[in-house]
Amino acid sequence: MNEQNLGNVQSSQNFTNQNSPNFNQSQNFKNLSKNSKIDENSPKFAGISSISLALLEKERQRVNAKIAKLKLFCLIVFGSFIIWLILNSKSDHVGEYTSFILFGAFAFYNWRKDAITRSIRSKFKAEVVSKIIKDINPHFVYIPHMHISENEFSKAGVFELNGGTFDGNDLISGKIDGVKFKMSDVSYTEIRREGRNTKQVTIFKGIVFIADFYKNFTSHTIVANSDYAKPVGKRIKIDNMDFNNRFKIYTNDEINAFYLLSPNFMERFLWLSNNVSYYIDAAFVGNKIYIFIDNKEDNFEINLDTKLTDISTIYATYKFSLEVFFNIIKDLKLNLEIFKTKAENG
């Protein structure tokens, strides 16, 4: 992407000024909106219509009313059943049955909530998110209902998939500084038993970011931070104690791993990890780098607890959250100059 196309992308300095950013903290976005110098009288916010937002706000209120009724229904029906079970059952498995009912109630609530909110989520992405992405770079491709595939996710080798539920959305692809990338929300959960209890475990939920290298590597190297990351090959130590203390490094080719994990890359990756409050893992496979940002969020969704009446705040909020992820290539300098030898740089 040329400098003109990058004109709307914030510098990495803006990101470092956010202390452990949480993209759902409304106060941060209020401050961001004030600092972004957006003219509230401007007729154009990436083509976002104030009329469309007004209609979405009315629908948001209707949706929230339906969700409130759903919560009450679940509380009465499932709560009553659990109370009856505790008072009348003589089985030794009451605790197990209760856990099963709670799990069923949770699944039913999420299923119904998804159905209730599906329409407004789709409209919001069409009216707001897609337009902001095009405003950042008109060449980016955004497909809200698509995501990084399970095969691509598994290929990185960071997380072991054991037949759980794999899902995602918001696939974005394009080029930044000449580097091809794609990213999307991904979630992977498994049902696990602990003694007599069954629970759903979220192995990963967040952004998967995949960028191309200029060169193909035959090795497989993983920089692991997550508790659920699996080892590949052998664990190695490098000449950076801070990096060793923060990450577990696995590889099947130690020489290649030292080449990939250059001092510049380690410094930038440590900086990125230090400026967020969640796990970040990376894998080098083939000609790609995979970055897993486990922020436990379904990103770029409508916030049903926030009014959609302030177009400038909505614009600044979602533009900022998108640019944080787009800036990964710039923040980690994945234009690949840091990976080239002196001979390759001429």
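What counts, and where the lines are drawn
- Residues numbered from 1 in each chain as written.
- Predicted model: local features only at pLDDT ≥ 70, side-chain atom pairs only at ≥ 80, totals over all residues.
- Heavy atoms only, no water.
- Helix = DSSP H or I, 4+ residues; strand = E, 2+ residues; numbered from the N terminus.
- Areas by Shrake-Rupley, 256 points an atom, 1.4 Å probe, with all protein chains shown as cover.
- Expected span 1.5 Å × (residues − 1).
- Buried < 20%, exposed > 50% of the residue type's maximum accessible area, 1.4 Å probe, protein only.
- pLDDT = per-residue confidence, 0-100.
- Contact = heavy atoms within 4.5 Å.
- Salt bridge = Lys/Arg side-chain N within 4 Å of Asp/Glu carboxyl O.
- Patch = residues over 30% accessible without salt bridge, like charges linked within 9 Å, V, L, I, M, F, W, Y side chains within 5 Å.
- Polar contact = N/O pair within 3.5 Å; in protein donor to acceptor, adjacent residues only side chain to side chain.
- Phe/Tyr/Trp six-rings, centres within 6.5 Å; stacked < 30°, edge-to-face > 60°.
- Lys NZ or Arg CZ within 6 Å of the ring centre and 35° of its normal.

Student: Please give an account of the overall build of the chain that cites residues and values.
Tutor: A tally of helices and strands in the chain yields ten helices and seven strands. Approximately 18100 Å² of the chain is accessible, and the part contributed by carbon and sulfur atoms is 51%.

Student: Go over helix 8 (residues 263–274), please, and point to the residues and values.
Tutor: For helix 8, built from twelve residues, the straight-helix expectation of 16 Å at 1.5 Å per residue is met to within 8% by its first-to-last C-alpha distance of 16 Å. Among all positions of helix 8, only Phe265, Met266, Phe269, Leu270, Trp271, Leu272 and Ser273 are buried.

Student: Explain the confidence of the model for the chain to me, using residue names and the numbers behind them.
Tutor: Note: predicted coordinates in regions of low pLDDT should not be interpreted at a detailed level. Counting all residues, the mean pLDDT for the chain is 82, and 82% of those residues have values of 70 or more. Averaged pLDDT values over the elements of the chain bottom out at 35 in helix 2 (residues 26–35) and peak at 97 in strand 1 (residues 141–143). Note on residues 1–43: pLDDT is under 50 here. Beyond four places in sequence and across chains, it has 74 contacts. Considering only residues more than four positions removed or in separate chains, one finds that residues 340–346, a stretch of pLDDT under 50, has nine contacts.

Student: Please provide a residue-by-residue account of unusual backbone geometry, values included.
Tutor: Despite not being glycine, Asp170 has its phi angle at roughly 60°, a positive value. Within the secondary structure layout, Asp170 lies in strand 2 (residues 165–176). Judged by its relative accessible area of 0%, Asp170 is buried. A positive phi is found at Lys296, a non-glycine position, where the angle reads about 60°. Following the sequence through the fold, Lys296 ends up in the loop between strand 7 (279–294) and helix 9 (311–326). Of the residues examined, Lys296 reaches a relative accessible area of 40% and is grouped as partly exposed.

Student: Quick rundown of the pattern of salt bridges? Include the residues and the values.
Tutor: When the charged atoms of two side chains with opposite charge come close together, those side chains can pair. Scanning the entire structure with this criterion turns up 13 salt bridges. One salt bridge in this structure joins Arg60 and Glu57, with 2.8 Å as the shortest N-O distance. Of this pair, Arg60 and Glu57 both sit in helix 3 (residues 50–88), three residues apart, roughly one helical turn. Exposure class is identical for Arg60 and Glu57. Each is buried. Residue Asp114 is joined to Arg121 by a salt bridge in which the shortest nitrogen-to-oxygen separation is 2.7 Å.

Student: Mind laying out a nonpolar patch on the surface, listing which residues take part and the relevant values?
Tutor: A surface patch of nonpolar side chains, amounting to about 490 Å² of accessible area, comprises Leu72, Phe73, Leu75, Ile76 and Val77. For Val77, the position within the fold is in helix 3.

Student: Provide a residue-level description of the side chain of Asn137, including the pertinent values.
Tutor: Mapped onto the elements of the fold, Asn137 is located in the loop between helix 4 (94–136) and strand 1. The class of Asn137 is buried, set by a relative accessible area of 1%. A distance of 2.7 Å separates the side chain of Asn137 from the backbone nitrogen of His139, its partner in a polar contact.

Student: Tell me about the environment of Pro138, and name the residues and values.
Tutor: Position of Pro138 among the secondary structure elements: in the loop between helix 4 and strand 1. Relative accessible area serves as the criterion here: at 48%, Pro138 is assigned to the partly exposed category.

Student: Pulling in residues and values, what's your account of the packing of aromatic side chains?
Tutor: Evaluated as defined, the whole model comprises 23 aromatic pairs. Put simply, the rings of Phe153, Phe159, Phe166, Phe204 and Phe292 touch in pairs and so form one group of aromatic residues. Between the NZ or CZ atom of Arg112 and the centre of the ring of Trp111, over which it lies, the distance is 5.7 Å. Geometry around Trp271 places Arg268 over its ring, the cationic atom sitting 5.2 Å from the centre.

Student: Residue-level account of the environment of Ile293, with values.
Tutor: Within the secondary structure layout, Ile293 lies in strand 7. By relative accessible area, which is 4% here, Ile293 ends up buried. As for Ile293 and Phe209, which are separated by 84 residues in sequence, their C-alpha atoms are 7.9 Å apart. Aside from chain neighbours lying at most four places away, what touches Ile293 is Phe204, Lys205, Gly206, Ile207, Tyr278, Tyr279, Phe325 and Ile328.

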